[in-house]
Amino acid sequence: MESKSRSGDFPPSGSNGGNFMVFEKLRDIIVDHLQLKREDIKPECRVVEDLNADSLDIVEMIMDLEDEFGVSIPDEAVAELKTVGDISSFVEKEIAKKK
């Protein structure tokens, strides 16, 4: 029997599980900072427009991610990271650079 991914599952079947770990932690951080429901936070959500994060929220969440994964996310990169998935992918790439 073929397993089917439900709509909104991340990562898609066959993807690197590391991205899922980063996404899950990022989702936890967003829930803590923005008091949102976990199920409402998806990779395609825009941090400012969809999740209503302000600049202070973003700074605090980025600091938590940096502490959690031991990576540095420069201000220039933060400005380019628009969605939850963008942030998750960036952190995953930074983790891979450390290996």
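Structure's up top.
For clarity, every value in this text was computed on a predicted model and none was experimentally measured.

Caption draft 1: Molecular detail of the nonpolar core. Among the nonpolar cores identified, the biggest contains 24 residues, and Ile30, Leu65, Ile73, Val84 and Val91 are the most heavily contacted of them. Ranked by the residues each element gives to this core, the list is headed by helix α1 (residues 17–34), at six residues. Not counting chain neighbours up to four residues away, the residues in contact with Val91 comprise Val22, Leu65, Phe69, Val71 and Ile73.

Caption draft 2: Representation of helix α4 (residues 84–98) within the structure. In this model, α4 (15 residues) spans 22 Å end to end at C-alpha, consistent with the 21 Å of a helix rising 1.5 Å per residue. Taken together, the buried positions of α4 are Val84, Gly85, Ile87, Ser88, Phe90, Val91, Glu92, Glu94 and Ile95.

Caption draft 3: Up close: a negative patch on the surface. Residues Asp32, Asp54, Glu60, Asp64 and Asp67 make up a contiguous surface patch of negative charge. Among the elements that line the negative patch, the one with the most residues is helix α2 (residues 55–69), at three residues. Structurally, Asp67 can be placed in helix α2.

Caption draft 4: Here's a closer look at the pattern of salt bridges. Using the criterion set out here, one finds six salt bridges in the structure. Glu68 is the partner of Lys25 in a salt bridge, and the nearest nitrogen-oxygen pair spans 3.8 Å. Of the two residues, Lys25 is situated in helix α1 and Glu68 in helix α2; the sequence distance between them amounts to 43 residues. A salt bridge links Asp28 to Arg38, with the shortest nitrogen-to-oxygen separation between them at 2.3 Å. Residue Asp28 is located in helix α1, and its partner Arg38 is located in the loop between α1 and α2; the two are separated by ten residues in the primary sequence. With a relative accessible area of 29%, Asp28 lands in the partly exposed category.

Caption draft 5: A look at the environment of Val78. Secondary-structure assignment places Val78 in helix α3 (residues 75–80). For the pair Val78 and Val59, spaced 19 residues apart in sequence, the C-alpha separation works out to 8.9 Å. Among all residues touching Val78, those that are not within four sequence positions of it are Ile58, Ile62 and Ile73.

Caption draft 6: Local environment of the side chain of Arg27. Assignment of secondary structure puts Arg27 in helix α1. On the basis of relative accessible area, Arg27 is assigned to the buried category, the value being 14%.

Rules and cut-offs
- Residues numbered from 1 in each chain as written.
- Predicted model: local features only at pLDDT ≥ 70, side-chain atom pairs only at ≥ 80, totals over all residues.
- Heavy atoms only, no water.
- Core = buried A, V, L, I, M, F, W, Y, C linked by side-chain atoms within 4.5 Å.
- Buried < 20%, exposed > 50% of the residue type's maximum accessible area, 1.4 Å probe, protein only.
- Helix = DSSP H or I, 4+ residues; strand = E, 2+ residues; numbered from the N terminus.
- Contact = heavy atoms within 4.5 Å.
- Expected span 1.5 Å × (residues − 1).
- Patch = residues over 30% accessible without salt bridge, like charges linked within 9 Å, V, L, I, M, F, W, Y side chains within 5 Å.
- Areas by Shrake-Rupley, 256 points an atom, 1.4 Å probe, with all protein chains shown as cover.
- Salt bridge = Lys/Arg side-chain N within 4 Å of Asp/Glu carboxyl O.
- Lys, Arg positive; Asp, Glu negative; His and termini not counted.
- Charge placed at Lys NZ, Arg CZ, Asp CG, Glu CD.

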